[in-house]
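# Commentary on secondary and tertiary structure
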Amino acid sequence: MDGRELIARYRGGERDFSGVDLTGANLRANDLRGANLEQANLSNACLRGTNLRAVNLSGARLNGADMSGSDPVEADLSNATMVGTNLTGANLNAANLEQAFLFQAKLTRASLVRANLTNADLSAADLRKADLQYANLTGAILFQADLREADLHHVQITRE
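A few points on the structure. (Residues numbered from 1 in each chain as written. Predicted model: local features only at pLDDT ≥ 70, side-chain atom pairs only at ≥ 80, totals over all residues. Heavy atoms only, no water.)

For the chain, the helix and strand inventory stands at 1 helix and 0 strands. Here the C-alpha atoms of the chain give a radius of gyration of 15 Å, agreeing with the 15 Å that 2.2 N^0.38 yields for 160 residues. Oriented by its inertia axes, the alpha-carbon framework of the chain measures out at about 45 × 25 × 20 Å. Across the 160 residues of the chain, 50% fall into the buried class. Considering only contacts within the chain whose residues lie at least 6 apart along the sequence, 2% involve residues at least 24 apart. Of the accessible surface of the chain, which amounts to about 7,400 Å², a share of 43% is contributed by carbon and sulfur atoms. One way to put it: in the chain the 16 positive side-chain charges average out to a point 6 Å from where the 19 negative ones average out. (Helix = DSSP H or I, 4+ residues; strand = E, 2+ residues; numbered from the N terminus. Rg over C-alpha atoms; globule rule 2.2 N^0.38 Å. Buried < 20%, exposed > 50% of the residue type's maximum accessible area, 1.4 Å probe, protein only. Contact = heavy atoms within 4.5 Å. Areas by Shrake-Rupley, 256 points an atom, 1.4 Å probe, with all protein chains shown as cover. Lys, Arg positive; Asp, Glu negative; His and termini not counted. Charge placed at Lys NZ, Arg CZ, Asp CG, Glu CD.)

Laid out in structure tokens, this is it:
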């Protein structure tokens, strides 16, 4: 399946695209609210500016994807693999990133307010100027992560 086919099927009312291979697909600036892309392969896909509100991307592969300026508010990205993914300026408020692998991900100026990053691997991630207010970072790996000028007010790092 390519990006055009997925968009056409989504506009036709289909929402379940679990397990699809969309490697390198161009889904830029589209509306995919509420879609199920669980276990999908979106490696090197362009999702720049795409509305991904409440999308299920659990277990998805997003390695090298461009998600800059996208809107995955309340999206489920648990167990997603996002090596080198560009999330610059993305709105990930209240997103579930539990156990996500975000090695070398670019999260500069991303909004992660109330995001669940429990046990996420953010090794070498770029979180400069990211808004992490009230985010849950319990068990998160932050080895060599760049947190300069990140807003870490009220971040949860241990279980109560």
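Moving on, we come to the nonpolar core. Counting 50 residues, the largest nonpolar core has L37, L62, L97, L107 and L112 as the members making the most contacts within it. Residues in contact with L62, not counting those within four places in the same chain, are L42, S43, L47, M67, L77, A80, T81, M82 and T85. (Core = buried A, V, L, I, M, F, W, Y, C linked by side-chain atoms within 4.5 Å.)

A word on the environment of G13. Here G13 shows up in the segment after α1 (3-11). Along the sequence, G13 and A35 sit 22 residues apart, while their C-alpha atoms lie 10.0 Å from each other.

With that settled, consider the side chain of S68. Positionally, S68 belongs in the segment after α1. Of note is the side chain of S68, whose polar atom sits 3.1 Å from the side chain of R48. S68 has contacts with R48, G49, N86, L87 and T88, leaving out every residue within four places of it along the chain. (Polar contact = N/O pair within 3.5 Å; in protein donor to acceptor, adjacent residues only side chain to side chain.)

The periodicity of an α-helix, 3.6 residues per turn, causes residues three or four places apart in sequence to face the same way. Turning to α1, its buried residues are G3, L6, I7 and Y10. Projection of α1 onto a plane perpendicular to its axis shows the buried side chains occupying an angular sector of 95 degrees, all on one side. N-cap assignment for α1: the residue whose side-chain oxygen lies 3.3 Å from the backbone N of R4 is D2. Remark: G13 follows α1 within two positions and exhibits a positive phi of approximately 105 degrees. (Arc of directions from axis to C-beta.)

Turning our attention to the side chain of S123. Relative to the helices and strands, S123 is located in the segment after α1. Look at S123 and you get buried, because its relative accessible area is 10%.

With that settled, the discussion passes to the packing of aromatic side chains. Taken as a whole and assessed by the stated rule, the structure comprises 1 aromatic pair. An angle of 10 degrees between the planes, with centres 6.2 Å apart, marks the rings of F101 and F103 as stacked. The class of F101 is partly exposed, set by a relative accessible area of 33%. Accessibility expressed as a relative area gives 29% for F103, which makes it partly exposed. Taking the ring centre of Y10 as reference, the NZ or CZ of R15 above it sits at 3.7 Å. (Phe/Tyr/Trp six-rings, centres within 6.5 Å; stacked < 30°, edge-to-face > 60°. Lys NZ or Arg CZ within 6 Å of the ring centre and 35° of its normal.)

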